[in-house]
Amino acid sequence: MPIQERVKLRELSAEDRICNYNEISLGLSEKELEYEANRCLQCKKPSCIKGCPAGLDIPRFIKLSREKKFNEALSEILEINPFSATCARVCPYGFQCEGSCVLNKTGRPIAIGAIHRFISDYGEYRMKMVDDDKKVSGKVAIIGGGIAGLSAAYELSRSGVDVDIYESRPVIGGLARVSIPPYRLAREVLDREIVYILSHGAKIKNNIVVGKDIPLKEFFNMYDYIILAVGASKCWSLRLSSNEENDFFAYSAIEFIENYMFRKKIFDRTLKILIIGGGNTAIDVGRISIREDLVPTIIYRRGKAQMPALPKEIEEAEEEGVKFKFFEVPKRAILENGKFKGIEALQARLGAPDSSGRPSFEVIEGSEHFIEGDVLVSAIGQEVDSEVLAGCDIHLERGLLPHDFGGEYKDKIFSCGDAVSGPSVVVKAMRSGLEVARDVIGRLKERNP
Ligand code: SF4
């Protein structure tokens, strides 16, 4: 039987999107959903499931959507993914379920992401607590109200556990709210899912910086367990100035994005923005700059093919007008009377693969040249802000929290999400939060059988 064409996913054109933050992807109509769901082969051994970090039963929800049972489909998804609509928008499907779909080898994988999004947008979010006889009692503090922390709170609170979430910002949602631009994830979608998660009983304590306002140790007597879900939001410094401690002219990518996400304009005129880095965060800074009438250039030390950013993000950034300079290694900042004027950079070329198999880069000696700019943004990587650990004998390992805590913290503190893995995709942070919560639920059950 010939394989039917994959549905064409509708999106805003570059022209229609660069002057606003509206969602680019427009989702499926009911007719398109029907067509695409009917293309699914309902494989006996579905390879798509293996590609889903959440482990969703993809053929099952596609089958339910064929039968128009959207509420049932969403209820089943929410059992293992409370951030259903969020993941449906921000997951890199091509590298996950769709990349693993048996039809991918024909170039026409099922549009699983779009079907998932339709179900999440049209199904009803029904609150679901565990049965009374399975409920557990206990008190847990979660430090950090991002994806991992909220996912842990969801699993714990619907099992009957008392949960307090401590969040340093005035808003909840962590980096998903602060740094995923609304053109990829509309804020009303994120809000809807957070309201659903909190409806199970977890309480939020905003504007509290643990480690500064309350020492972490104080929680020891207040809670049975503590979960650190603080994310990795502290950007690495570029250290391009003679003052090693402080690139005072540079913005961190998160600071830059956060300002614009909360509608605080940083610059009131058109400026040239030099963005150092090659990941999705660098792309986000570039695409936000375009929407704010700035002139962004992304500077990366390897080539386009080696960029860690998703190919679709790179493509869309190019369509929108973001400029790229490849094989460039910043050497130092050029200041005139204390004012940033640009950077001196060296050219680079690809070298032998490093231990991860990725081509290394080699600087070409004597290739110094000037790149003009008004503002520098560092998007070279992020780590955990260690402030939360103040007063505790816990140390970061390569900028991240350990998996297991020893000494007096053993079996008392647990960690999850980006704070442990480093910046990753939403679905992995979600899963990490659920897993740590299930571990804590098991321990509470043993304590209070
Ligand atoms: Fe359907 Fe593809 Fe999964 Fe098979 S592998 S069940 S065709 S989505």
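About the cut-offs
- Residues numbered from 1 in each chain as written.
- Predicted model: local features only at pLDDT ≥ 70, side-chain atom pairs only at ≥ 80, totals over all residues.
- Heavy atoms only, no water.
- 1 Å grid on protein atoms, 1.4 Å probe; cavity = no way out; pocket = protein on both sides within 12 Å on 5 of 7 lines; lining within 4 Å.
- Points joined across faces, edges and corners; volume = space filled by probe spheres on them.
- Helix = DSSP H or I, 4+ residues; strand = E, 2+ residues; numbered from the N terminus.
- pLDDT = per-residue confidence, 0-100.
- Near = heavy atom within 4 Å.
- Sits in = over half its atoms within 2 Å of the grid points.
- Nonpolar A, V, L, I, M, F, W, Y, C, P; charged D, E, K, R; others polar.
- Pairing = 2+ DSSP bridges.
- Axes fitted to C-alpha atoms, helices over the stretch in contact; angles between N-to-C directions.
- Contact = heavy atoms within 4.5 Å.
- Phe/Tyr/Trp six-rings, centres within 6.5 Å; stacked < 30°, edge-to-face > 60°.
- Buried < 20%, exposed > 50% of the residue type's maximum accessible area, 1.4 Å probe, protein only.
- Parallel < 35°, antiparallel > 145°, perpendicular 65-115°, else oblique.
- Left-handed = near helix turned anticlockwise from the far one by under 90°.

**Description of empty space enclosed by the protein**
- Counted according to the given criterion, the structure contains three cavities of 30 Å³ or more.
- Space inside the largest cavity adds up to approximately 120 Å³.
- Put simply, the parts of the chain that give the lining of the largest cavity at least two residues each are α3 (47-50) and α4 (58-66).
- Estimates place the volume of the second largest cavity at around 90 Å³.

**Observations regarding the confidence of the model for the protein**
- Counting all residues, the mean pLDDT for the protein is 91, and 98% of those residues have values of 70 or more.
- For the protein, per-element mean pLDDT is lowest for strand β5 (residues 234-235), which scores 80, and highest for strand β9 (residues 323-325), which scores 98.

**A word on the site of the ligand**
- In the region of the ligand, the neighbouring residues are Cys 40, Leu 41, Gln 42, Cys 43, Ser 47, Cys 48, Pro 59, Cys 101, Val 102, Ile 110 and Ile 112.
- Because more than half of its atoms lie within 2 Å of the grid, the ligand is assigned to the largest cavity.
- Here the shell around the ligand is built from residues that sort into nine nonpolar, two polar and no charged.

**What about the sheet that holds strand β7 (residues 272-276)?**
- Taken together, the five strands give an open sheet; going across it, the order is β6-β14-β7-β8-β9, and neighbouring strands pair in parallel fashion. The sheet terminates laterally at β6 (250-252) and β9, the two strands that pair on one side only. The sheet shows a mean angle of 25° between the axes of neighbouring strands, direction not considered.
- Where helix α13 (residues 280-291) meets the sheet, it contacts β7, β8 (295-299), β9 and β14 (375-378), and its direction lies at approximately 165° from that of β8.

**Focus on the packing of aromatic side chains**
- Following the criterion strictly, the structure yields 14 aromatic pairs and no others.
- The interplanar angle of 20° and the centroid separation of 6.5 Å between the aromatic rings of Tyr 21 and Tyr 183 together place this pair among those described as stacked. With Tyr 21 in the loop between α1 (14-17) and α2 (30-39) and Tyr 183 in the loop between α10 (174-179) and α11 (187-198), this residue pair connects regions lying 162 residues apart in the sequence. Exposure class is identical for Tyr 21 and Tyr 183. Each is buried.
- Counting every residue linked through ring pairs, the aromatic cluster contains Tyr 251, Phe 256, Tyr 260 and Phe 267.

**Examining the side chain of Arg 89**
- Tracing the backbone through its elements, the reader meets Arg 89 in helix α6 (residues 84-90).
- Relative accessible area serves as the criterion here: at 14%, Arg 89 is assigned to the buried category.
- Setting aside chain neighbours within four positions, we find Arg 89 in contact with Glu 23, Arg 117, Asp 121, Arg 184, Leu 185 and Val 189.

**Considering the packing of helix α9 (residues 147-157) against helix α16 (residues 426-447)**
- Running from N to C, α9 and α16 point in directions that differ by 40°, and their axes come no closer than 7 Å. Of the possible angle classes, the one that applies to α9 and α16 is oblique. α16 is crossed by α9, and the crossing has right-handed handedness. Residues Ile 147, Ala 148, Ser 151, Ala 152, Tyr 154, Glu 155 and Leu 156 of α9 lie in contact with α16, whose contacting residues are Val 426, Ala 429, Met 430, Gly 433, Leu 434, Val 436, Ala 437, Arg 438, Val 440 and Ile 441.
- Tallied by class, the residues present in the contact of α9 with α16 amount to 13 nonpolar, two polar and two charged.

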